[in-house]
Amino acid sequence: MDVSHILDSLNEAQRDAVAGPVGSALILAGAGSGKTRVLTHRIAWLIQTEGVSPYSILAVTFTNRAAAEMRGRIESLLAMPIRGMWVGTFHSIAHRLLRMHWQEAGLQQNFQILDADDQLRLVKRVMKNLNLDEKKWPARQAAWFINNQKDEGLRPKHIEDYGDIYIKTHLQVYRAYEEACERGGMVDFAELLLRAHELWLNNSRLLQHYQDRFTTLLVDEFQDTNSIQYAWLQVLAGDRDNITVVGDDDQSIYGWRGAKIENIQRFTKDFPKARTIRLEQNYRSTGNILKAANGLIKQNAGRLGKELWTDGNDGDLIKLYAGYNEIDEARYIIECVKQWSREGNRFCDAAVLYRSNAQSRVLEEALLRSRLPYRIYGGQRFFERAEIRNALAYMRLLAGRDADAAFERVVNTPTRGIGDRTVDQIRLLARSKNISMWRAASAIAEGDSLPSRSRNAVGNLIGLVNSLDETTRGTDLAGLVEIVVEQSGLKAYYEKERGERGQARLENLAELVTAARTFDPEDVFVFDNDVFGEQSPEEVAETVELSLLEQFLNHAALEAGEGQGDANQDCVQLMTMHSAKGLEFPLVFLAGMEEGLFPHRMSLEEPGRLEEERRLCYVGVTRAMKQLYLTYAETRRMHGSDTYNRPSRFVGEIPQELIQEVRSQNSLVRPAGRSMRVSARVSTIGKDLEIEGTDLKLGQRVTHAKFGEGVVVNYEGEGKQARVQVNFVDEGSKWLMTAYAKLEPVP
Ligand code: ATP
Ligand code: MG
């Protein structure tokens with residue numbers, strides 16, 4: 001049989017790993033050295049030359065997408081479909097086992113899976129029944145406790161409270177939560193793994209069956225397995241000693257979720273016969289990107305230690321861009337992506353990676369304005385998040401009470417005692433009289449068709465919206481959002497949802513205030529140049545004639561619904577650095593390289609977490625194949641307020657000779673007196689200040705008839721199309737067409 005092509009295009013170490021004898025192996029190697037490729041080729045090799053049946057192979061990947069990709073590659077290597085092989089994430093494999101063996105696992109046949117939200121809600125309910133004070137005992141913390149115990153394989157009966165009130169209370173919740181899950185036939189994510197493990201422990205015949213079946217085990221991204229996943233694998237592997245794991249200790253980024261780097265060392269102890277193979281040649285990135293990654297990760301202590309090299313070119317230097325603010329940062333990224341596309345490249349080969357989901361909003365808005373197709377992976381788009389939609393729904397009712405969808409959305413959010421039956425009544429009345437739900441609700445609140453409790457609850461909602469309307473009259477858009485978030489009760493509602501998720505929701509709501517504060521229909525006009533042709537902002541405002549609130553809501557609706565390309569479209573890729581694990585892109589931007597943002601401020605106190613942030617940065621850098629841009633903003637509006645952060649220490653840890661500081665093509669000037677230089681090689685600003693075809697220059701003081709005095713900080717285009725960005729003293733920053741704005745230079 002011709003097997004040579006499976007070993008083609010592999011280097012010697014990779015070939016050794018792929019074609020080595022059957023038996024356990026640890027492939028420990030840095031990013032882009034072909035670990036995933038080796039795993040795929042190994043499977044193909046085993047099937048083709050060792051006669052291993054696909055049916056006896058179980059491969060674990062980190063995402064479902066990676067699983068699909070792996071299967072596809074193996075099929076194309078073997079030029080035939082493969083059936084019977086199991087490839088999936090730990091969770092999906094555990095889920096499959098439990099569905100097949102629900103009885104042995106002690107589950108109800110139609111057990112339901114609880115996602116993190118559902119779980120939290122259930123924990124809350126349980127705690128309420130136990131009469132625990134939510135302020136003292138946040139539900140999120142209890143859920144965290146439960147998940148941690150499960151990740152360690154511990155049931156309540158295994159846990160000793162040592163008289164510690166913290167453990168004692170949480171243990172009580174854990175017990176009651178477990179009972180509720182049993183009764184309702186519910187299984188959370190951590191439970192999937194623990195049950196699958198217990199399935200082995202409690203059913204020796206079943207275990208024997210699977211040990212006989214899955215004689216070949218392979219695991220990708222092994223550095224991110226937690227205790228229970230490790231234990232599950234170990235039991236399944238049994239004495240057969242045929243498990244291949246690949247990983248990179250430098251890319252362990254899920255410690256905060258219980259992953260254990262130590263599993264790598266443990267593996268060599270538990271499987272002493274395992275061969276250890278190191279791959280050191282990198283095939284993904286240019287020399288400069290690789291040197292940057294090596295320099296960065298060297299700062300971490302306690303590494304297993306490895307150095308990557310490439311025989312490819314050094315390639316371009318790593319570009320560093322200092323945005324004036326986050327909007328300028330986004331604008332610059334888009335300018336580069338456009339250039340990339342003009343050079344004949346595909347959008348999908350460009351990825352923008354960031355530390356926190358909240359960063360995506362500004363990027364998304366800028367992409368939409370410039371009409372570039374984009375796609376966000378692993379994470380919801382800003383305007384689609386539940387808390388944002390809820391706040392917007394209240395605002396929609398303020399703009400017009402007859403917005404039924406908005407009414408339905410918030411009728412009982414936050415909970416105010418309007419049950420499903422009452423909502424049904426409102427709906428019914430609205431339909432029969434052909435009126436809006438708001439009007440139907442008003443009629444019901446005044447009539448006597450409902451018991452007084454429900455009637456009052458409906459009356460309260462109506463009163464609330466009317467009073468919001470009164471309170472917000474005359475306030476600006478940002479003020480309006482702030483009042484709505486506060487007085488609708490949404491803020492308090494999410495405050496109760498403690499822990500990271502609740503915190504994230506509050507941060508997003510604060511971000512909505514920022515979005516409103518910086519919302520400028522003229523901005524939309526400037527970027528939508530091709531749609532509005534050459535109308536001036538004033539003309540546009542006249543023809544549209546919508547209130548600012550309405551324009552903002554339209555803008556939000558558009559953002560929630562459109563712009564996101566479908567799966568097959570050629571789109572710019574947006575994702576967090578966590579979700580970029582294992583992937584590669586020719587062009588990569590790491591946005592928001594600022595202290596406090598990345599490394600995240602929560603990690604600054606603990607050396608262990610700081611190192612994890614650095615590994616995350618290493619993951620980000622090593623996603624890039626050809627070009628890498630690091631960008632940061634000198635001022636950033638985050639969570640509703642301005643922050644002035646220094647550039648990330650990670651930028652400084654990259655050998656400086658690899659970094660080239662760049663300016664936008666549309667030269668950018670920072671306000672005098674504040675400069676955030678990372679090194680002494682900041683390009684000198686001062687020349688190129690003149691804006692062609694105008695009597696303006698960067699840094700120039702100007703006055704505008706409506707907006708007053710300001711400073712020109714940026715420009716785009718030239719001649720009749722020239723636009724300038726002016727920082728107005730009272731009105732903040734605005735983009736204006738020089739041809740219409742009639743800016744007067746102040747001497
Ligand atoms: P990560 O740590 O990021 O998961 P990895 O070690 O799994 O990376 P792969 O994704 O398998 O690395 O490989 C990185 C890139 O290098 C891929 O595009 C792969 O096709 C290519 N590659 C790997 N080995 C070779 C080789 N011997 N010849 C040519 N290309 C290779
Ligand atoms: Mg990989």
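Above this text is the structure in question.
Residues numbered from 1 in each chain as written. Chains lettered and ligands numbered in written order. Predicted model: local features only at pLDDT ≥ 70, side-chain atom pairs only at ≥ 80, totals over all residues. Heavy atoms only, no water.

A. Molecular detail of the pattern of salt bridges. Taken as a whole and judged by the stated rule, the model has 43 salt bridges. As a salt-bridge pair, Lys-260 and Glu-152 come within 2.7 Å of each other at their nearest N and O atoms. With a gap of 108 residues between them, Lys-260 in the loop between strand 7 (243–247) and helix 12 (263–270) and Glu-152 in the loop between helix 7 (139–151) and helix 8 (165–184) connect regions that are remote in the sequence. With a relative accessible area of 23%, Lys-260 lands in the partly exposed category. In this structure Glu-152 comes out as partly exposed when scored by relative accessible area, which is 42%. For the salt bridge of Arg-195 with Glu-191, the shortest nitrogen-to-oxygen distance reads 2.7 Å. With Arg-195 and Glu-191 both in helix 9 (residues 189–202) and four residues apart, this pair spans about one turn of that helix. Like Glu-191, Arg-195 is buried. Salt bridges here are not isolated pairs; linked through shared partners, they connect Lys-150, Arg-155, Glu-178, Glu-182, Asp-188, Glu-191, Arg-195 and Glu-198. (Salt bridge = Lys/Arg side-chain N within 4 Å of Asp/Glu carboxyl O. Helix = DSSP H or I, 4+ residues; strand = E, 2+ residues; numbered from the N terminus. Buried < 20%, exposed > 50% of the residue type's maximum accessible area, 1.4 Å probe, protein only.)

B. Broad picture of the side chain of Thr-61. When you line up the elements, Thr-61 lands in the loop between strand 2 (57–60) and helix 4 (64–78). Since its relative accessible area comes to 3%, Thr-61 is described here as buried. Leaving out residues up to four positions away in the same chain, Thr-61 has contacts with Ala-66, Ala-67, Met-70, Val-87, Gly-88, Thr-89, Phe-90 and Asp-220. (Contact = heavy atoms within 4.5 Å.)

C. Structural context of empty space enclosed by the protein. Enumeration over the complete set of coordinates arrives at 10 cavities of 30 Å³ or more. Space inside the second largest cavity adds up to approximately 90 Å³. Every residue lining the second largest cavity is listed: Glu-326, Glu-329, Ala-330, Ala-358, Gln-359, Val-362, Leu-363, Glu-511, Ala-591, Arg-636, Arg-637 and Met-638. Listed by contribution, the elements that provide at least two residues to the lining of the second largest cavity are helix 14 (326–342), helix 15 (360–369) and strand 14 (624–638). Its residues placed into classes, the lining of the second largest cavity shows six nonpolar, one polar and five charged. (1 Å grid on protein atoms, 1.4 Å probe; cavity = no way out; pocket = protein on both sides within 12 Å on 5 of 7 lines; lining within 4 Å. Points joined across faces, edges and corners; volume = space filled by probe spheres on them. Nonpolar A, V, L, I, M, F, W, Y, C, P; charged D, E, K, R; others polar.)

D. A look at the site of ligand 1. Around ligand 1 lies a shell of 19 residues, among which Lys-35, Arg-37, Gln-251, Glu-584 and Arg-623 are the nearest. Within the contact set of ligand 1, a nitrogen atom lies 3.2 Å away from a backbone nitrogen or oxygen of Ser-9. A distance of 2.8 Å separates an oxygen atom of ligand 1 from a polar side-chain atom of Thr-36. Contact with the protein chains hides 84% of the accessible area of ligand 1, taken as 630 Å² for the molecule alone. The element contributing the most residues to the shell around ligand 1 is helix 3 (residues 35–49), with three residues. In terms of residue class, the shell around ligand 1 is built from three nonpolar, 10 polar and six charged. Counting residues domain by domain, the shell around ligand 1 receives three or more from each of domain 1 (4–98 + 194–281) and domain 3 (318–381 + 569–684). (Near = heavy atom within 4 Å. Polar contact = N/O pair within 3.5 Å; in protein donor to acceptor, adjacent residues only side chain to side chain. Areas by Shrake-Rupley, 256 points an atom, 1.4 Å probe, with all protein chains shown as cover. Domains from an automatic or database assignment.)

E. Summary view of helix 9. For helix 9, spanning 14 residues, the distance from its first C-alpha to its last is 20 Å, which sits close to the expected 20 Å at 1.5 Å a residue. Counting buried residues in helix 9 gives 11 out of 14 residues, a clear majority hidden from the surface. For helix 9, the set of buried residues is Ala-190, Glu-191, Leu-192, Leu-193, Leu-194, Arg-195, Ala-196, His-197, Glu-198, Leu-199 and Trp-200. Capping the start of helix 9 is the job of one residue whose side-chain oxygen sits 3.1 Å from the backbone nitrogen of Ala-190: Asp-188. (Expected span 1.5 Å × (residues − 1).)

F. The arrangement of the side chain of Asn-226 in detail. Following the sequence through the fold, Asn-226 ends up in the loop between strand 6 (216–219) and helix 11 (227–237). Of note is the side chain of Asn-226, whose polar atom sits 3.2 Å from the backbone nitrogen of Ile-228. If we skip the residues at most four places from it in the chain, Asn-226 touches Asp-151, Leu-193, Gly-258, Ala-259, Lys-260 and Asn-263.

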